[in-house]
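# Close look at the chain arrangement
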Amino acid sequence: MTINTPYIGRFAPSPTGDLHFGSLVTALASYIRAKSFSGKWLLRIEDVDIYRNQKGSDLSIINSLLQHGFQWDDEIVYQSNRSHIYKEYLNKLSLENKVYICNCSRKDLQKSVKNIETGEYLYQRTCFRKNIQFSSNQSYRVKTEPSNISFYDHLQGFFTQNIERDVGDFIIWRKENFASYQLAVVIDDELQNITEVVRGYDLFVQTPRQIYLQNLLNFRRTEYFHIPLVIDMFGNKLSKQNKAKPLNLQTPEKNLIQALDFLGLEENALRHLRKNSYNCNEIINYAIKNLNLNLMFQTKSKEMNSTL
């Protein structure tokens, strides 16, 4: 963090289901990180992909956060209300000839080479020189350059990725006529003045393409802090897609202490919290004073201790 820049962090869940333990860990890590710098913590609902949203999930997530003692410092931002903003920036990139229209299908894309590290197919610029006129059911891809994007993650260390070689021209506007995650998140982080993004390691390799977009749009660069993923005993990430169990809202204090154990709070401090009948706000305030997230070990994932 720079000395003169006020810290602003955020938690940005997608409303695709109830809040689970993995999401609680991320929310708590981002909250502690923000408050340890005497900063602000914002809540954003990333519901730009209307086809993945589950009705009522946003209210369920908000309620779960409130039950666990979280307090955000500004009004909640919904991406679904900001499509016109994302479109303005898409038009800007289009006028600058930095994007092009693509009508390739998923089947077409699967003919390309797959990047083992990211699990994504490398687009072969099939539509790059077609000069396609925009109509419905078409996407926009950003033109990439054969340059390295490097960044320092405050937990995981340095990482470098060649966007053109390792990612290829990636989609920033979906054929269903809404912004991709990559474009929306970069614009929102800029407009909300986010100084550091705390999130799970599954998004680590996607960070360089977000920095690439920041550079194209002349945005300032955000700092990053990628925490280990919570995995189950079978090595699967706790996620809504893997049908992770919703948080038990009858035991919010226990949930928080378990999340702090995952995040590396020392055993004496955990015993102190278990021994005293602290409420959620008291547990979080204790963690802000006693947990240094910088001391977490550098790892991609960590199994949840199911015995707590």
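Everything below is about the structure shown above.
One structure accompanies this document, and this report is about it.

About the thresholds
- Residues numbered from 1 in each chain as written.
- Predicted model: local features only at pLDDT ≥ 70, side-chain atom pairs only at ≥ 80, totals over all residues.
- Heavy atoms only, no water.
- Axes fitted to C-alpha atoms, helices over the stretch in contact; angles between N-to-C directions.
- Helix = DSSP H or I, 4+ residues; strand = E, 2+ residues; numbered from the N terminus.
- Parallel < 35°, antiparallel > 145°, perpendicular 65-115°, else oblique.
- Left-handed = near helix turned anticlockwise from the far one by under 90°.
- Contact = heavy atoms within 4.5 Å.
- Nonpolar A, V, L, I, M, F, W, Y, C, P; charged D, E, K, R; others polar.
- Polar contact = N/O pair within 3.5 Å; in protein donor to acceptor, adjacent residues only side chain to side chain.
- Salt bridge = Lys/Arg side-chain N within 4 Å of Asp/Glu carboxyl O.
- Buried < 20%, exposed > 50% of the residue type's maximum accessible area, 1.4 Å probe, protein only.
- Core = buried A, V, L, I, M, F, W, Y, C linked by side-chain atoms within 4.5 Å.
- Disulfide = S-S within 2.5 Å.
- Arc of directions from axis to C-beta.

## Some words on the packing of helix α8 (residues 252-263) against helix α10 (residues 280-290)
Where α8 meets α10, the closest approach of the two axes is 9 Å, and the angle between their N-to-C directions is 15°. Compared by their axis directions, α8 and α10 come out roughly parallel. When you trace α8 past α10, the crossing you get is right-handed. Residues P252, E253, L256, I257 and L260 of α8 form the contact with α10, whose own contacting residues are C280, I283, I284 and A287. For the contact of α8 with α10, the residue count by class is 8 nonpolar, no polar and 1 charged.

## Quick word on the side chain of T222
Here T222 is to be found in the loop between α7 (207-216) and β12 (223-227). At 3.4 Å, the side chain of T222 and the side chain of Q214 are in polar contact.

## A closer look at the pattern of salt bridges
Scanning all chains against the criterion turns up 17 salt bridges. For D189, the salt bridge goes to R10, with nearest N and O atoms at 3.1 Å. Here R10 lies in strand β1 (residues 8-11) and D189 lies in helix α6 (residues 181-191), a separation of 179 residues in the sequence. Using a relative accessible area of 5% as the deciding quantity, one classes R10 as buried. Here R274 ties to E267 by a salt bridge, and the two come within 3.5 Å at their closest N and O atoms. In this structure R274 comes out as partly exposed when scored by relative accessible area, which is 40%. E267 sits in the partly exposed class, given a relative accessible area of 40%. When salt bridges with common partners are traced through the structure, they connect R10, R44, E46 and D189 into a single cluster.

## Examining the nonpolar core
With 45 residues, the main nonpolar core has V142, F170, I172, I187 and L217 as its most contacted residues. Of all the elements in the fold, those that place two or more residues in this core are α3 (83-95), β4 (99-102), β7 (139-142), β8 (148-153), β10 (171-173), α6 and α7. Ignoring any residue separated from it by four or fewer positions in sequence, one finds F170 in contact with Y140, R141, V142, T144, I163, Q182, R209, Y212 and L213. Listed in part, the 44 residues of the second largest apolar core include V25, F70, F225 and I283.

## Some remarks on the state of the cysteines
Each disulfide is one covalent bond, formed between the sulfur atoms of two cysteines. Enumeration over the complete set of coordinates arrives at 0 disulfides. C104 supplies the cysteine sulfur nearest to C127, a cysteine that is in no disulfide, at a spacing of 3.5 Å.

## Here's the deal with helix α9 (residues 267-275)
Helical geometry note: an α-helix holds 3.6 residues per turn, so side chains three or four residues apart project in the same direction. Every buried residue belonging to α9 is among A269, L270 and L273, and all of these are buried. Viewed end-on, α9 has its buried residues packed into an arc of 100°, placing them on one side of the element. Taken together, the buried residues of α9 touch α8 and α10.

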